[in-house]
Amino acid sequence: MVRKISEVKRGDISYSNVEETFIERSGIKAITTQIPYIVVDNFPKLGLITSLRFLEWVSENPEGVISLPTGKTPEFFIKWTEYMLNNWENKKGAQIREQFGLDITKKPDLSQLQFVQIDEFYPISSKQHNSFYDYVLNFYLKGFGMSKSNALLINSDEIPLAGGKHFSEVFPEGKIDLSLRYRESRSPFEELQQKSIFMIDDWCSDYEQQIRNKGGIGFFLGGIGPDGHIAFNVRGSDEFSTSRLTATNFETQAVAASDLGGIEISANRLVITIGLETITYNPEAVAIIIAAGEAKAGIVKQSLENEISNLYPASVLSKLRNGRFYLTQGAASQLTDMVDRHFQSGEWTHEKSEKAVVDLCKKIEKFGHRLILDDLKNDRLCKLIPDLDESIVQKVSDSIESKIFRGLKEEKSQVFLHTGPHHDDIMLGILPFITKHISEPSNKFKFAVLTSGFTAVTNRFVIDLLSDTKKLIDKGLIQMINYPDFFDVGYKLKSDKDVYHYLNNVASGNEEEKRRGVCHRLIRALVQTYNIRNIEHLRDTLNEVIVILRNSYDGEKNPPRIQQLKGMIREFEEELVWAHFGIQVKNVEHLRLGFYKGDIFTEQPKLGRDVEPVLKLLKEVRPTVLSLTFDPEGSGPDTHYKVLQATAEALRLWKQEDDLSELRIWGYRNVWYRFNPAEANIIFPVSLNAMAEMNDSFTNCYVSQVDASFPSYELNGKFSSLAQKIWVEQLKDVQLLLGKNYFYLNEDPRIRGCHGLLYLKEMTVEEFLSHARELKESMEGMVIGS
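Treat the numbers as computed from the prediction; the structure is a model and nothing was measured.

1. As for the overall build of the protein
Counting secondary structure elements, the protein contains 28 helices and 18 strands. Out of the 786 residues in the protein, the part that is buried amounts to 60%. Across the protein, contacts joining residues at least 24 apart in sequence account for 78% of those joining residues at least 6 apart. Each charge class in the protein can be summarised by its mean position, and for the 94 positive and 109 negative side chains these summaries are 2 Å apart.

2. Brief notes about the sheet that holds strand S7 (residues 219-222)
As summarised here, the arrangement of the 6 strands in space is S3-S11-S10-S7-S4-S5, forming an open sheet in which the pairing is parallel. Each edge of the open sheet carries a strand with a single partner, namely strand S3 (37-40) and strand S5 (114-115). As paired elements, strand S4 (residues 65-67) and S7 share 2 bridges and run parallel to each other. The residue bridging Ile-66 from the neighbouring strand is Phe-219, located in S7. Most of the contacts of helix H1 (residues 17-26) go to S3, to which it runs at about 60°, and overall it touches S3 and strand S11 (322-328). Running at roughly 155° to S11, helix H2 (residues 43-60) makes contact with S3, S4, S7, strand S10 (286-291) and S11 of the sheet.

3. Some words on the confidence of the model for the protein
Across the protein, the average pLDDT comes to 92, with 96% of residues at or above 70. Here residues 782-786 scores under 50 on pLDDT; set against residues more than four positions off or in separate chains, the count is 12 contacts.

4. Here we look at the nonpolar core
Trp-578, Leu-651 and Phe-768 are the most contacted members of the largest nonpolar core, which has 141 residues in total. No other element matches the 10 residues that helix H25 (residues 719-738) contributes to this core. When residues no more than four places from it in sequence are discounted, the contact partners of Leu-651 are Leu-618, Leu-626, Leu-660, Leu-663, Ile-665, Phe-768 and Leu-769. Among the nonpolar cores identified, the runner-up in size contains 55 residues, and Phe-171, Ile-272, Val-316 and Leu-317 belong to it.

5. Description of the sheet that holds strand S9 (residues 270-273)
Across the sheet, which stays open at both edges, the 3 strands sit in the order S6-S9-S8 with antiparallel pairing between neighbours. For this open sheet the edge positions go to strand S6 (119-122) and strand S8 (244-246), each flanked by a neighbour on one side alone. Averaged over all neighbouring strand pairs, the angle between strand axes comes to 25°, with direction disregarded. Strand direction decides the pairing type here: S8 and S9, joined by 3 bridges, are antiparallel.

6. Let's talk about the pattern of salt bridges
Applying the stated rule across the entire model yields 53 salt bridges. Between Glu-277 and Arg-212 there is a salt bridge whose closest N-O contact spans 3.2 Å. Of this pair, Glu-277 sits in helix H10 (residues 276-280) while Arg-212 sits in helix H7 (residues 188-213), and the two are 65 residues apart along the sequence. Among the residues examined, Arg-212 registers a relative accessible area of 21% and is labelled partly exposed. Through salt bridges with shared partners, a single ionic network connects Glu-19, Arg-53, Glu-56 and Arg-324.

7. As for the packing of aromatic side chains
Summed over the entire model, instances satisfying the criterion amount to 33 aromatic pairs. Between Tyr-140 and Phe-144 the ring centres are 5.5 Å apart and the planes differ by 65°, which places this aromatic pair in the edge-to-face class. The exposure classification of Tyr-140 matches that of Phe-144, with both residues buried. Judged by centre distance (4.1 Å) and plane angle (15°), the rings of Phe-447 and Trp-578 are stacked. A residue pair is termed long-range when its members are at least 10 positions apart, and Phe-447 in strand S13 (residues 444-449) and Trp-578 in helix H21 (residues 560-579) qualify at 131 residues. The exposure classification of Phe-447 matches that of Trp-578, with both residues buried. Connected via pairs of aromatic rings, a cluster forms that spans Phe-54, Trp-57, Phe-77, Phe-115, Tyr-135, Phe-139, Tyr-140, Phe-144, Phe-219 and Phe-601. Over the face of the ring belonging to Phe-76 we find Lys-79, whose NZ or CZ atom lies 5.4 Å from the ring centre. Over the ring of Phe-461 we find Arg-515, and its NZ or CZ is 5.9 Å from the ring centre.

8. Focus: helix H23 (residues 638-655)
Taking 1.5 Å per residue as the helical rise, H23 with its 18 residues ought to reach 26 Å, and the 26 Å between its terminal C-alpha atoms agrees with that figure. In terms of residue burial, H23 counts as a mostly covered element, since 16 of its 18 residues are buried.

9. Regarding empty space enclosed by the protein
If you walk through the whole model with that rule in mind, you get 5 cavities of 30 Å³ or more. Estimates place the volume of the largest cavity at around 100 Å³. Lining the largest cavity are 14 residues, with Arg-669, Asn-670, Ile-726, Trp-727 and Gln-730 positioned closest to its centre. Taken together, the elements giving at least two residues each to the lining of the largest cavity come down to helix H16 (425-438), H25 and strand S18 (754-764). With 4 residues, the single largest contributor to the lining of the largest cavity is H25. Class assignment of the residues belonging to the lining of the largest cavity gives a composition of 9 nonpolar, 3 polar and 2 charged.

10. Observations regarding the packing of helix H13 (residues 350-364) against H25
The interhelical angle for the contact between H13 and H25, taken along N-to-C directions, is 95°, at an axis separation of 9 Å. Classed by the angle they form, the pair H13 and H25 counts as roughly perpendicular. For the pair H13 and H25, the contacting residues are Val-357, Val-358, Cys-361 and Lys-362 in the first and Asp-733, Leu-736 and Leu-737 in the second. Of the residues assigned to the contact of H13 with H25, the class counts are 5 nonpolar, no polar and 2 charged.

11. Section: the side chain of Asp-337
With respect to the secondary-structure elements, Asp-337 resides in helix H12 (residues 336-344). Of the side chains bearing the opposite charge, Arg-380 lies closest to the buried Asp-337, which forms no salt bridge; the N-O distance is 8.2 Å. A distance of 2.5 Å separates the side chain of Asp-337 from the side chain of Thr-32, its partner in a polar contact. Ignoring sequence-local partners within four residues, the contact set of Asp-337 consists of Ala-30, Ile-31, Thr-32, Thr-33 and Tyr-37.

12. A look at the environment of Asn-746
Relative to the helices and strands, Asn-746 is located in the loop between helix H26 (740-744) and helix H27 (749-752). Once the C-alpha coordinates of Asn-746 and Leu-618 are considered, the two residues, 128 residues apart in sequence, prove to be 40 Å apart. In this structure, Asn-746 is in contact with Asn-741, Ile-751 and Arg-752, ignoring residues within four places of it in sequence. Only 3.1 Å separates the side chain of Asn-746 from the backbone oxygen of Tyr-742, close enough to count as a polar contact.

Cut-offs used in this document
Residues numbered from 1 in each chain as written. Predicted model: local features only at pLDDT ≥ 70, side-chain atom pairs only at ≥ 80, totals over all residues. Heavy atoms only, no water. Helix = DSSP H or I, 4+ residues; strand = E, 2+ residues; numbered from the N terminus. Buried < 20%, exposed > 50% of the residue type's maximum accessible area, 1.4 Å probe, protein only. Contact = heavy atoms within 4.5 Å. Lys, Arg positive; Asp, Glu negative; His and termini not counted. Charge placed at Lys NZ, Arg CZ, Asp CG, Glu CD. Pairing = 2+ DSSP bridges. Axes fitted to C-alpha atoms, helices over the stretch in contact; angles between N-to-C directions. pLDDT = per-residue confidence, 0-100. Core = buried A, V, L, I, M, F, W, Y, C linked by side-chain atoms within 4.5 Å. Salt bridge = Lys/Arg side-chain N within 4 Å of Asp/Glu carboxyl O. Phe/Tyr/Trp six-rings, centres within 6.5 Å; stacked < 30°, edge-to-face > 60°. Lys NZ or Arg CZ within 6 Å of the ring centre and 35° of its normal. Expected span 1.5 Å × (residues − 1). 1 Å grid on protein atoms, 1.4 Å probe; cavity = no way out; pocket = protein on both sides within 12 Å on 5 of 7 lines; lining within 4 Å. Points joined across faces, edges and corners; volume = space filled by probe spheres on them. Nonpolar A, V, L, I, M, F, W, Y, C, P; charged D, E, K, R; others polar. Parallel < 35°, antiparallel > 145°, perpendicular 65-115°, else oblique. Polar contact = N/O pair within 3.5 Å; in protein donor to acceptor, adjacent residues only side chain to side chain.

Below is the structure:
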């Protein structure tokens, strides 16, 4: 007989021992949302609570029905579960069980669990490593020691279609026209497709019935998409929906683009998903949604604070007494409970006053100078301001204005080291702020991109570029390969000439010559990467790489040399951007930190491999100002966090040798994260000219990104357009406080010409390391095996 896990009741909600332990640790004991939630410090600890709750449930239900997510979201859930199972009998495992309330002694046996696959792209070969079928097979069935014979899986290759045909014959380009469900077929081939669609529908109905025959799902774990989707139940899905073949929306397609090799693929791919009623069919189900990072805060708030609505698919979890959200602090940051807790606890600061007043202006859509005392007293946050009177609005306005003046301050005789995790991060974060200082001749500049960035380059782009290169060679238009020393040393020379040639043709509008300039740099990269010795070897290599890429499925991990080739294309793009402002190639560093390998779960940074190159750069440049992406929580993109930690560790080591008290750190965010104006201490006015400069240089330089194959879910377009949109929105927030006339009537032409604002946070090394140390203690301390 299985021992029943004890529960702890809080009001009408019963929590398990594990949940209660984490609630006690969080200090958040009173909640007002439609669905209970538990808040943890960070992404790895999110994996820990989820893993321990899962093992707690399995100990009660060794033959239970489970449904677990795919992708990057469950990384630490998987790692912690494996760690606990592997260390169950030793001191480490026992200590964690005792520390976090896993009150069971017998190691759970996962072999008899019944697995239900949540969803899958359709059509996609089950043999592809980016299929969810493959993920489930490797990370769950093999990784957790579960039996495939007990699993319900979505294998696209085995779903029967009309005439016994394979999906590659029925849907040759992977495109499915669902209008065939409702209209007459217009050809024999459409008739074949129509019959096949109905057969897929029958398969989905049978899949649903098999789940219900098992009593429904007993333990469901899922992430939440930017539109609120759980499984592939996108915004607008019926709360009574069941397993089905369906289309997705743009937000979901943008997130899936990295899995499938680009939005061009994901936009045309349908999905098979379990429905919202599939998840809630078993009234005793434990259903958990996990979310990390501030980017999820808005949809988390809407999902938790609204009654069941098709607009917020995850709201259906309120049907289940064991429905839960497990959240990081960033993901929970917009919940009314959490906002109230932040403002009502601890010492009152001017930053709290700033945030309260700025948010009030937005909330009631009223300019700061028109706020009256009653507005402040009637606001649940502003009324908390000590000694509240109307003067607080002017005090907040003055402090925001001082941040603008700080942004306009001239910088002279500085050594700037601007860093970014990926190519284009620096530009999208602070380009106008950089160009303000770059015209001062006493300043020196160095730029460094810390990872290779190859995952942002599609196979199609490289194939087209290689094909164009072959044509130019055949026409005799790549003369440099005929120089006698080119394949020995010549390929290493004249990198600045490549850049200058390209930008000259940007100026003249000569598209053919621009393309030839990119092909020149591609050949240099090929010679270096493949150790090419002569022209024939070059031709053979061009053909070889084209064949490899054409035979690769979209989203497949490339071989290391093709990864390097893609990364070198991105490096050339970065050099082009800064050459706009006279920066030579030698002053644009490409560190290619080794943790970045294109795996679904990337490695943690290592001292020798990842920290030492950053330390070496810092010592060589000896910057007086260091800029970096400032990730507030250590959630995705995980490259941001890992680069932050490598940089922080390098600074710690450098600090042991030198006095860094004068070094200033500029933390910036771009299209992935945003500062509240109260958090930032530098605000810089952005002119239309600066926006045009950014858009123009992005379009002309980041040639692999112009088609936006991996867009943000917020905008179906270039990242530069999204950055501009953010700057404009940030201006509107501050305009509400200061008034529009503050800008268009201002005595300073730089403020009069302002049509956007960007935010930064300046820190001392000690201040930065205190943030990074917190991240390190909370993240690295959770890493398996550390």
